[in-house]
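# Examination of the molecular architecture
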Amino acid sequence: MTFSVVGRDPVTGELGVGVASCVLAVGRAVPWGKAGVGVVVTQSQPRRGYGPHALAGLEAGVPVGRVLPTLLSRDAGAAGRQVAVLAADGSVAVHTGEECLAAAGDRYGDGWSVQGNLLRSPDVLDAMVDAYLRNPLPLAERLLVTLEAGEAAGGDLRGRQSAALLVVGGKRLAEPWDGVAVDLRVDHARDPLGQLRQLLSLQRGYEGGDSAALADLAPDSTKAMHAALEAARRGDLEGARAAVAELRRNPQWEEWLRSGAVAGRFPHLTQLLD
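Below you will find a few notes about this structure.

What counts as what
Residues numbered from 1 in each chain as written. Predicted model: local features only at pLDDT ≥ 70, side-chain atom pairs only at ≥ 80, totals over all residues. Heavy atoms only, no water. Buried < 20%, exposed > 50% of the residue type's maximum accessible area, 1.4 Å probe, protein only. Helix = DSSP H or I, 4+ residues; strand = E, 2+ residues; numbered from the N terminus. Pairing = 2+ DSSP bridges. Arc of directions from axis to C-beta. Contact = heavy atoms within 4.5 Å. Core = buried A, V, L, I, M, F, W, Y, C linked by side-chain atoms within 4.5 Å. Axes fitted to C-alpha atoms, helices over the stretch in contact; angles between N-to-C directions. Parallel < 35°, antiparallel > 145°, perpendicular 65-115°, else oblique. Left-handed = near helix turned anticlockwise from the far one by under 90°. Nonpolar A, V, L, I, M, F, W, Y, C, P; charged D, E, K, R; others polar. Salt bridge = Lys/Arg side-chain N within 4 Å of Asp/Glu carboxyl O.

## Digging into the pairing of strand E9 (residues 162–168)
E9 sits mainly inside the fold: seven of its seven residues count as buried. Both faces of E9 are covered, namely the face carrying Ser162, Ala164, Leu166 and Val168 and the face carrying Ala163, Leu165 and Val167. Pairing analysis gives seven bridges linking strand E2 (residues 15–21) to E9, with the strands arranged antiparallel. If you follow Leu15 over to E9, its bridge partner there is Val168. Strand direction decides the pairing type here: E9 and strand E10 (residues 180–186), joined by six bridges, are antiparallel. Paired with Val168 across the bridge in E10 is Val180.

The following block contains the structure:
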């Protein structure tokens, strides 16, 4: 009922999961990850416990080849599960139970795996493998391209509804939640992968201060906010003044700007708010 990919960036060490399905909010149950430890997918009658328990095992130093079999041995419903576990060192273990609905299967290699069930055909997995291996992009983009290839090859037999991307850093942290680089979800949409790509583009725009990307994708009020801040940073006070005037149509945004200016966050805008 779902197809997914897990991968490790060999340069940065980042670990990630991409998943798409014709179920509501697939991101709430399937993808799991912890910076510097590993990532997990649990699908086809997903049992959420596989995520935290597998990550706990990896964090304790148990090899991935023991972590997954141990969890499966304790699960009376293992025949209906599909699970993939990828450790921070690139080792991977995958299980597709014999009761998973056809077409079901998995493919894997050093630092990656793809898996799916109730697929249009096994061609979905082959297309995903090809896309993953041929596109050495930043990890989140690589995972998304892999999902898009699976969708183009037929995807979920029933259609499409939701998708998610999760990417965590390659180093262990005392505060592992600070290692989440990407956590994006589309819970219900006609084109979930299209919306997921838009969200990822928007995140990259925020990260890089890409005004063009934000202008294309952000809500009008957010566009005006970024336009005001960017123009002020450039010393373009006329441009900043015009953007602030746009924001002032909504008193809540003006209040936000004023509070930021008072706190010293936007000293370059103070003169424009009087």
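## Considerations on helix H2 (residues 64–73)
Think of an α-helix as 3.6 residues a turn; residues three or four steps apart then line up on the same face. Within H2, the full set of buried residues consists of Val64, Val67, Leu68, Leu71 and Leu72. The buried residues of H2 occupy one face: seen down the axis, they fall within an arc of 120°. Facing away from the buried side of H2 by more than 90 degrees, the exposed set consists of Gly65, Arg66 and Ser73. Along its buried surface, H2 packs onto helix H1 (50–59), strand E5 (82–87) and strand E6 (92–96).

## So, the nonpolar core
Membership of the largest hydrophobic core comes to 27 residues, with the highest contact counts inside it found for Met128 and Leu196. Mapped by element, the contributors of at least two residues to this core are strand E1 (2–8), strand E8 (112–117), helix H3 (123–134), helix H4 (139–152), E9, E10 and helix H5 (192–208). When sequence neighbours within four positions are dropped, the list of residues in contact with Met128 reads Phe3, Ser4, Val5, Val114, Thr146, Leu147 and Gly150. Of all hydrophobic cores here, the second largest spans 16 residues; its members include Ala54, Leu68, Leu72 and Ala87.

## Let's talk about the packing of H3 against H4
Direction vectors running N to C along H3 and H4 enclose 150°, while the axes themselves pass 8 Å from each other. Classified by the angle their axes make, H3 and H4 are roughly antiparallel. The two elements H3 and H4 meet at a crossing, and its hand is right-handed. For the pair H3 and H4, contact is made by Val124, Ala127, Met128, Ala131, Tyr132 and Leu133 and by Leu139, Arg142, Leu143, Val145, Thr146, Leu147, Ala149 and Gly150, respectively. Grouping the constituent residues of the contact of H3 with H4 by class yields 11 nonpolar, two polar and one charged.

## Some points on the pattern of salt bridges
This model, assessed by the stated rule, comprises 12 salt bridges. Residues Lys34 and Glu59 are paired through a salt bridge, measuring 2.8 Å at the closest nitrogen-oxygen approach. Of the two residues, Lys34 is situated in strand E3 (residues 31–34) and Glu59 in helix H1; the sequence distance between them amounts to 25 residues. Residue Lys34 is classed as partly exposed on the basis of its relative accessible area of 24%. Given the relative accessible area of 35%, Glu59 is considered partly exposed. Among the ionic pairs, Arg160 bridges to Glu151, the shortest N-O distance being 4.0 Å. If you follow the salt bridges from partner to partner, you end up with Arg47, Asp75 and Arg81 in one network.

## Observations regarding the sheet that holds strand E4 (residues 38–43)
Within a sheet, adjacent strands bond to each other through the backbone by hydrogen bonds, running parallel or antiparallel. Spatial ordering of the open sheet is given by E3-E4-E5-E6, a layout of four strands whose pairing is antiparallel. A single partner strand is all that each edge strand has here, and the edge strands are E3 and E6. Geometrically, the sheet is characterised by an average inter-axis angle of 5° between neighbouring strands, direction not taken into account. Alignment of E4 against E5, held across six bridges, turns out to be antiparallel. Among the inter-strand pairings, Gln43 is bridged to a residue of E5, identified as Gln82. Relative to the sheet, H1 contacts E3, E4 and E5, its axis offset from that of E4 by approximately 155°. On top of the sheet, H2 reaches E5 and E6; it is set at about 25° to E6, its chief contact.

Without other data, these values stay purely geometric and don't point to any function.
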